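# Reading the structure
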Amino acid sequence: MKRFDCLTVFFVLILGTIPLALLSQSSASLPWVKAYSKEDFQGGSRTWVIEQDSRGYLYFANNDGLLTFDGNYWKKFRLPNGTILRSIYIDENNRVYVGAQGEIGYFEPGISGSLTYTSLNKLVPEGDRNFADVWNTIAMGRSVFFRTTEYIFELRDNRITTHPAPSAWQFLGRTSGGLIAQDKKSGILYYRNNQWLPLSQEALSNVTLSAALPVGGDSTLIATIDNRTFLLRNGKITPMDKTSRQDLYTPSLARIDNPTYVVGSAAGCYIRHIGGQILQHLTTADGLSSNNVTAVFVDRSKNIWIGTDGGIAVIGYNSAVRFIHPLKSSDLVGYSARVFKGGLYLSTSNGVYRAEINRATGSKRLSFGEFSLIKGTDGGESWRLDEINGELLLAHNSGVYVLEGSQAKPVAAGIGSWMFLTMTSAFPINRVFVGTYQGIRELSYGDGVFHDVAQLAGHRDSYRFLAKTENGDIWASHPYRGVYRLHLTAPGRYKTRLYTDKDGLPSAFQNFVFTGRNQNLFATKKGIYEFDIKRDRFIPSQIFKQLKDLEINYLKEDGDGNIWFYSGKRLGVLRLRPAGSNKAGVVTFFPELDGYSAEGFESVYPYDVNNVFIGWGKGFIHLDFEKYLKQDSRPVIVLSEVTAVAEHDSTVFGGFNNRRLGTVILPAAFNAFRFAYSATEYGMQNRTQYSYWLEGYDEKWSAWSTSTVKYYTNLPSGEYRFKVKALDNRNRESEVFFFPFKISAPWYATFWAYACYLTLAIACVWLLLRWQRQVFYRQQQKYEAQMAHLRYVHQLEVEKHERENEVLAKTKELANTKMQLMENTDTLVRLKDELTKLNLKADEDPKDLKPITLLLRDLERNNKNWSQFALHFDALNDGLLTRLKQKHPNISRTDLKLCAYLRLNFSSKEIAQLQNISIRAVEMHRYRLRKKLGLPTELSLSDYLARI
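Residues numbered from 1 in each chain as written. Predicted model: local features only at pLDDT ≥ 70, side-chain atom pairs only at ≥ 80, totals over all residues. Heavy atoms only, no water.

### Topic: the overall build of the protein
The cut-off we apply is this: Strands here mean DSSP runs of E at least two residues long; helices mean DSSP runs of H or I at least four residues long; both are numbered from the N terminus. Here the term buried applies to any residue with accessible area under 20% of the maximum for its type, exposed to any over 50%, and partly exposed to those in between, with areas from a 1.4 Å probe on protein chains only. By definition in these notes, contact holds between two residues if any of their heavy atoms fall within 4.5 Å. Per-residue accessibility takes into account occlusion by the displayed protein chains alone, with areas from the Shrake-Rupley method and a 1.4 Å probe.
Looking only at helices and strands, the protein has twelve helices and 66 strands in total. By residue count, 49% of the 948 residues in the protein fall in the buried class. Taking all contacts inside the protein whose residues are at least 6 apart in sequence as the whole, residues at least 24 apart take part in 51%. As displayed, the protein has an accessible area near 46,800 Å², and 51% of this comes from carbon and sulfur atoms.

Laid out in structure tokens, this is it:
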């Protein structure tokens with residue numbers, strides 16, 4: 001016999017003899033419960049069976065068809081005839097066999113990854129196709145069995161064999177050894193060699209089976225519809241109910257682990273030990289939508305799924321986190337917890353509650369019964385519980401009490417008290433200080449009793465945080481003032497000094513004093529500080545440098561030296577390495593508990609590594625820290641759906657074929673997408689974070705976020721790969737899921753389109769070149785004609801220019817000659833004048849001068865040539881002399897001559913030679929001419945003549 005079989009029998013024999021009254025204590029710590037309504041999953045009002053595939057997808061046989069859930073998204077698949085789905089079986093290839101009203105078949109992913117249904121009715125022998133509901137679908141070996149009332153259909157190698165009922169099939173289930181069925185008249189039958197053989201069943205007469213649960217190599221727990229349990233082993237059936245039981249409708253049962261299982265009933269959900277002990281009873285008061293449970297299932301993470309009337313719920317039974325509500329009828333703020341003398345004491349906003357601790361299950365996690373209020377503590381807030389000298393002290397809004405069993409005895413009444421501070425270390429501790437609303441109060445201990453001594457004289461303030469120094473002083477912190485140092489100056493008297501940010505604290509506000517690692521620790525807005533006695537200042541702690549710059553508002557050291565702390569509303573623990581170790585401490589946060597705090601009155605009571613009690617606004621949290629650290633499974637990421645977003649959305653990938661490796665080729669019209677993804681982890685899944693990366697578009701992974709959907713729009717054609725991964729609350733990453741796809745190019749961007757474009761472009765270029773060649777030829781002809789014309793015109797211009805230059809040269813030469821002649825004429829005139837002035841001698845004959853006189857007359861006649869020259873000059877120079885005379889009437893003929901010389905570009909020397917005068921005379925003439933013309937200094941005479 002295997003070891004497990006021996007243990008099973010041992011539990012059955014031993015626990016079966018224990019009275020039910022002793023085993024019916026129900027733990028008051030509750031797992032978290034999350035309920036889903038019909039509005040969430042859009043299904044029918046009843047769920048019959050729940051199963052899970054290898055990827056973590058959950059499947060629900062529902063009145064409205066097949067429901068699936070991946071942790072974030074619900075989907076619904078109707079059967080072709082739209083009937084109620086009653087049963088499910090999932091094989092190793094994730095094919096989902098289903099049984100419904102008049103229908104058997106299976107769902108499996110199609111090409112697009114969506115579930116498609118295949119009916120098997122056509123394989124049923126024609127005469128047996130008229131059947132009703134299929135209540136059970138299970139498998140054994142290579143066969144899948146479907147049970148109706150009339151038939152059991154066996155599917156094997158794509159053929160169906162019918163097993164008719166002797167009278168009416170009532171149950172079909174798996175045992176540790178094979179397959180059993182129940183017939184209304186023939187009773188329990190087991191299947192062997194294609195035959196149904198009777199099973200010894202005296203103990204099962206007049207009962208209807210509801211579940212068969214293998215619990216070992218040769219043992220099966222059998223449950224009936226009326227809440228009875230039996231053990232089937234080696235063909236023998238043994239009743240498990242040794243005492244009276246409650247007659248309940250119990251249609252479903254599922255195994256949690258080896259000794260425990262869950263039962264769904266009409267009175268809620270029961271967690272039971274295999275020996276009969278009720279470990280937990282969950283009802284609507286604990287979060288269920290209904291007490292009428294129709295189906296139960298335990299997933300691979302040991303979460304319990306239940307189907308109820310009108311809803312579906314998941315219970316985190318295997319979670320390391322549980323919740324304690326001392327008073328179920330209302331929420332109480334949890335302030336402090338203590339395990340003391342076999343009981344769990346919880347101080348709350350309305351008194352102290354106590355429950356007996358039950359260790360019968362052998363679990364390391366403490367189990368306890370119902371809580372009861374300790375009389376006398378409900379008159380206000382019960383702030384703090386401390387065990388001193390073997391006594392349990394309570395700091396209460398109305399004073400100090402000693403708790404004994406279910407009684408509270410006052411020690412110091414009348415003043416609100418926060419906490420206790422022991423002033424000696426030797427046992428028994430005979431001196432205890434109490435931080436109160438108005439200062440420090442002293443208690444003494446003697447003769448086994450605490451006594452109220454007096455209120456100490458000194459600075460009065462509300463001292464909620466106290467710590468003792470090595471020299472006997474007291475640190476007291478106030479969240480809004482700073483840190484006090486209290487020095488006892490005399491018995492019953494102390495003086496104070498206030499430390500603020502001037503003394504090294506990062507701020508005068510939000511400072512809290514605690515004791516840990518055998519020293520005083522100060523929690524601040526910038527981490528943990530210590531006090532340097534030599535410098536009389538606060539300095540950052542090097543031991544707790546992992547918490548540097550974190551806002552710390554609570555500290556608590558456990559028995560292993562770990563430091564539990566709150567940073568704002570985040571709970572964490574710093575696990576320090578042993579002294580001398582080079583490795584830094586490890587900080588572990590509890591993201592699923594973010595926000596679960598008492599908001600200013602935080603408390604952590606680490607009783608041991610399996611039982612950490614944490615106060616919060618609605619009671620207490622019970623944390624199994626060892627179990628929390630051992631939960632090392634990585635999350636599993638699935639791509640729930642890929643949808644092409646357009647005028648009419650189209651599902652590109654349905655999410656169920658998550659092993660797809662081929663690239664999905666999509667038409668060009670699909671360029672906007674919605675990617676939905678999830679992690680098939682059903683714990684506190686709202687803490688799971690996701691990161692994605694669209695290769696070919698994004699540059700890198702996105703930042704982690706809790707969003708489970710990503711949209712992309714206007715993606716260009718090309719190849720892409722969508723990648724997504726998950727990160728759970730313990731910072732464990734899933735494997736990366738890849739979804740490769742390709743957006744085809746539009747028809748105008750395909751290879752053939754580009755080939756056509758290239759051909760057309762080549763043709764266009766050829767036609768363009770040909771046209772250009774013709775245009776060039778015509779332009780060349782035109783150009784040559786124009787050039788011939790231009791050459792002809794140019795030749796004419798050249799000839800004209802040459803003639804003009806020749807005329808100009810001759811004109812200039814003529815002008816020079818004429819001007820010279822004019823000058824000669826002037827000279828001769830002056831000569832004539834001078835000769836007439838001479839006195840002729842008596843002996844001279846006047847007739848001898850007559851030829852000279854005649855010659856002079858000829859010269860005078862030549863003077864008339866000036867007028868002709870002026871006309872000729874003006875014709876060549878556009879009437880220059882005429883314009884000068886009109887513009888300047890006072891200029892003389894000599895001035896006009898000078899202007900003519902200058903216009904002909906004669907130099908002063910040339911002008912002097914022509915006029916037979918000196919060069920200076922020419923310059924003086926030019927100067928006088930400028931004066932007559934009124935020219936400015938900056939304007940030359942030549943430029944003026946050129947412009948006029």
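The structure having been displayed, the exposition proceeds.
### A look at helix α11 (residues 919–933)
Under the convention used in this document: The length a helix should cover is 1.5 Å for every residue beyond the first.
Taking 1.5 Å per residue, 15 residues should reach 21 Å; α11 reaches 21 Å between its end C-alpha atoms and fits that length. As for α11, its buried residues are in contact with α9 (893–903), α10 (908–915) and α12 (941–947).

### Here we look at the pattern of salt bridges
Counted only if it meets this: Take a side-chain nitrogen of Lys or Arg and a carboxyl oxygen of Asp or Glu: if they are within 4 Å of each other, that pair is a salt bridge.
Evaluated as defined, the whole model comprises 28 salt bridges. Here Glu 733 ties to Lys 725 by a salt bridge, and the two come within 3.7 Å at their closest N and O atoms. Exposure remark for Glu 733: the relative accessible area of 36% places this residue in the partly exposed category. With relative accessibility at 12%, the residue Lys 725 sits in the buried group.

### Some words on a nonpolar patch on the surface
Operational definition: Note that patches include only residues with greater than 30% relative accessible area and no salt bridge, and the join distances are 9 Å for like charges and 5 Å for nonpolar side chains (Val, Leu, Ile, Met, Phe, Trp, Tyr).
On the surface, Trp 747, Tyr 748, Tyr 754 and Tyr 757 cluster together to form a nonpolar patch covering roughly 540 Å² of accessible area. When you line up the elements, Tyr 757 lands in helix α5 (residues 751–837).

### Here we look at the confidence of the model for the protein
Counted only if it meets this: pLDDT: the predictor's confidence for each residue, scored from 0 to 100.
Taken over all residues, the pLDDT of the protein has a mean of 86, while the share at 70 or more is 87%. The low-confidence segment residues 1–26, where pLDDT is below 50, has 39 contacts with residues more than four positions distant or belonging to other chains.

### Topic: the packing of aromatic side chains
Inclusion rule: Stacked, tilted and edge-to-face are the three classes assigned to paired rings of Phe, Tyr and Trp, where Trp is represented by its six-membered ring and a pair needs centres within 6.5 Å; plane angles under 30 degrees give stacked, over 60 edge-to-face, the rest tilted. Geometrically, a lysine NZ or arginine CZ counts as sitting over a ring once it is within 6 Å of the ring centre and also within 35 degrees of the ring normal.
In the structure shown here, the tally under the stated rule is 73 aromatic pairs. Residues Trp 475 and Phe 531 carry aromatic rings whose centres are separated by 4.9 Å and whose planes lie at 65° to one another, so their mutual orientation is edge-to-face. Taken together, the positions of Trp 475 in strand β45 (residues 474–478) and Phe 531 in strand β50 (residues 527–532) put the pair 56 residues apart, joining distant regions of the chain. Between Phe 751 and Trp 752 the ring centres are 5.1 Å apart and the planes differ by 75°, which places this aromatic pair in the edge-to-face class. Each of the two residues, Phe 751 as well as Trp 752, counts as exposed. Here a set of aromatic residues connected by ring pairs shows up, and it is made of Phe 653, Phe 673, Phe 675, Tyr 677, Tyr 690, Tyr 692, Tyr 697, Tyr 712, Tyr 720, Phe 722, Phe 739 and Phe 741. Lying across the ring of Tyr 317, Arg 322 places its NZ or CZ 4.7 Å from the centre. Above the ring of Trp 701, the side-chain terminus of Lys 725 is found at 4.3 Å from the ring centroid.

### A short note on the sheet that holds strand β53 (residues 563–567)
Operational definition: Here, any two strands with at least 2 DSSP bridges between them count as paired. To obtain each axis, a line is fitted to C-alpha atoms, and for helices this fit is confined to the stretch in contact; angles are then taken between N-to-C directions over 0 to 180 degrees.
Read from one edge of the open sheet, four strands run β52-β53-β54-β55, paired in antiparallel fashion. Looking at the sheet topology across the chains shown, the edges are occupied by β52 (554–557) and β55 (586–589). Taking the axes of each pair of neighbouring strands and ignoring which way they run, one obtains an average angle of 20° across the sheet. Bridge count between β52 and β53: four bridges; the pairing is antiparallel.

### Section: the pairing of strand β30 (residues 321–324)
Burial along β30 is two-sided: the residues Val 321 and Phe 323 and Arg 322 and Ile 324 are all buried. As paired strands, strand β1 (residues 29–31) and β30 are joined by three bridges and run antiparallel to one another. Opposite Pro 31, over in β30, you have Arg 322 as the bridge partner. Sheet analysis places β30 next to strand β58 (residues 619–623), joined by four bridges and oriented antiparallel. Residue Val 321 lies in a different strand from β58, and its bridge partner there is Leu 623.

### A look at the pairing of strand β5 (residues 65–69)
The buried count for β5 comes to five of five residues, which makes it a mostly enclosed element. As paired elements, strand β4 (residues 58–62) and β5 share five bridges and run antiparallel to each other. Bridge assignment links Leu 58 to a residue of β5, and that residue is Phe 69. The hairpin formed by β4 and β5 contains two residues between the paired strands.

### Remarks on the sheet that holds strand β29 (residues 311–315)
Here we have four strands laid out as an open sheet, ordered β2-β29-β28-β27, and antiparallel in their pairing. Two strands close off the open sheet at either side, each with one partner strand: β2 (33–37) and β27 (293–298). Strand-to-strand, the axes of this sheet are offset by a mean angle of 20°, without reference to chain direction. Pairing analysis gives five bridges linking β27 to strand β28 (residues 304–308), with the strands arranged antiparallel. If you follow Val 293 over to β28, its bridge partner there is Thr 308.

### A word on unusual backbone geometry
That bond from Phe 427 to Pro 428 is cis: its omega, -5°, falls within 30 degrees of zero. Among the secondary structure elements, Pro 428 is positioned in the loop between β40 (417–422) and β41 (431–436). Even without being glycine, Gln 42 reaches a positive phi, approximately 55°. Relative to the elements of secondary structure, Gln 42 occurs in the loop between α3 (38–41) and β3 (47–52). The exposed category is assigned to Gln 42, whose relative accessible area is 51%. In this model, Asp 549 sits at a positive phi of 70°, which is unusual for a non-glycine residue.

### Digging into the packing of α9 against α10
Here is the rule we go by: Here is the rule for angles: anything less than 35 degrees is roughly parallel, anything more than 145 is roughly antiparallel, 65 through 115 is roughly perpendicular, and the remaining ranges are oblique. Here a crossing is called left-handed whenever its near helix is offset anticlockwise from the far helix by less than a right angle, and right-handed whenever the offset is clockwise. For this classification, the nonpolar set comprises Ala, Val, Leu, Ile, Met, Phe, Trp, Tyr, Cys and Pro, the charged set comprises Asp, Glu, Lys and Arg, and every other residue, Gly included, is treated as polar.
For the pair α9 and α10, the least separation of the axes is 10 Å and the interaxial angle reads 135°. Classified by the angle between their axes, α9 and α10 sit oblique to one another. Note on packing geometry: the crossing formed by α9 with α10 is right-handed. Contact residues: α9 offers Leu 898, Tyr 901 and Leu 902, while α10 offers Ile 911, Leu 914 and Gln 915. Split into classes, the residues belonging to the contact of α9 with α10 amount to five nonpolar, one polar and no charged.

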